[in-house]
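# Topology and contacts: notes
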Amino acid sequence: MALRPVQVNIKAVDSTAVGRFWAEALGWSAYGHGATTYVGPAGGLVRPDPVALGIAVVPVPEPKTATKNRVHLDLAATSEAHQTELVARLRALGARPVDVGQGDVPWTVLADPEGNEFCVLEPRGVYRDTGPIAAVVVDCTDPQATARFWAEATDWTLHEVTGEGAALRSAQGVGPYLEFLRTPDVKTVPDRVRLDLLPYPGDDEKAEVARLRALGATDLDLGRGGGDVAGTCLVDPEGHEFCVLTLP
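Residues numbered from 1 in each chain as written. Predicted model: local features only at pLDDT ≥ 70, side-chain atom pairs only at ≥ 80, totals over all residues. Heavy atoms only, no water.

### What to know about the state of the cysteines
Linking two cysteines covalently via their sulfur atoms produces the bond known as a disulfide. Going through the model one piece at a time under the given rule, you end up with 1 disulfide. Covalently, Cys233 is tied to Cys243 through a disulfide, its sulfur atoms 2.1 Å apart. Judged by the torsion about the S-S bond (90 degrees), the Cys233/Cys243 disulfide is right-handed. Of this pair, Cys233 sits in strand β15 (residues 231–235) while Cys243 sits in strand β16 (residues 241–245), and the two are 10 residues apart along the sequence. Assigned by exposure class, Cys233 and Cys243 land together as buried. Here Cys119 is not cross-linked by a disulfide; its sulfur's nearest cysteine counterpart is in Cys140, at 15 Å. With a relative accessible area of 0%, Cys140 lands in the buried category. (Disulfide = S-S within 2.5 Å. Helix = DSSP H or I, 4+ residues; strand = E, 2+ residues; numbered from the N terminus. Buried < 20%, exposed > 50% of the residue type's maximum accessible area, 1.4 Å probe, protein only.)

The structure is reproduced here in structure tokens:
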């Protein structure tokens, strides 16, 4: 048994506007399903292909705080000229530069119209075939242990482990990476950005959730402003929120 990451879930006060931003930013399509705006490479699909990692923008009443998100997206660039053009286009769409303590680096840190941070990377060979999203990046105090949990929770393969981070990728070797980076930051507010997982057809959702609990996940009470979720929401051993969605 295993679960597949299917989408990055972003909370937003204006989910329609933020969904449009991400659709235009990635060159994808945005479409509504209930109150949620989905963004993916193939318009009209409620569940994007698991290796593509779509985006689900969920409406919530509370705006983002000044606290830096513990999960963010890295966008890929194919050349320095492409990186420059992409940054300019994203700023024209409503993104703004932000300082998260990055210093002098070759990538550009921006925030979407509601303040969710993301990076536009300089061209790197490792991301040449990921699509527009190079990686989903997770801040951790123990990236190795967190990556081991996610490798056991999902069917993604552990690709690299260093003293400062670890990376997973789809077993098919396509799509974005899931990267865990060592940072001193600890969780102080509910996650604004999280991953949603989905069982494979025929798998037992309840058994999968029980397996995650055995691996060290704990139950999460979304409470007010958590958005409507058809499934079970949990917290990984380091406090990152995620949800196991119910198969449609």
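### Digging into empty space enclosed by the protein
Rolled over the atoms, a probe as big as a water molecule pinpoints where empty space is left. The full count for this structure, using the stated rule, is 3 cavities of 30 Å³ or more. The volume enclosed by the largest cavity comes to roughly 70 Å³. Where the lining of the largest cavity is concerned, the elements lending two or more residues are β9 (133–140), β12 (177–182) and β13 (193–199). When the residues that make up the lining of the largest cavity are grouped by side-chain class, the tally is 7 nonpolar, 1 polar and 3 charged. (1 Å grid on protein atoms, 1.4 Å probe; cavity = no way out; pocket = protein on both sides within 12 Å on 5 of 7 lines; lining within 4 Å. Points joined across faces, edges and corners; volume = space filled by probe spheres on them. Nonpolar A, V, L, I, M, F, W, Y, C, P; charged D, E, K, R; others polar.)

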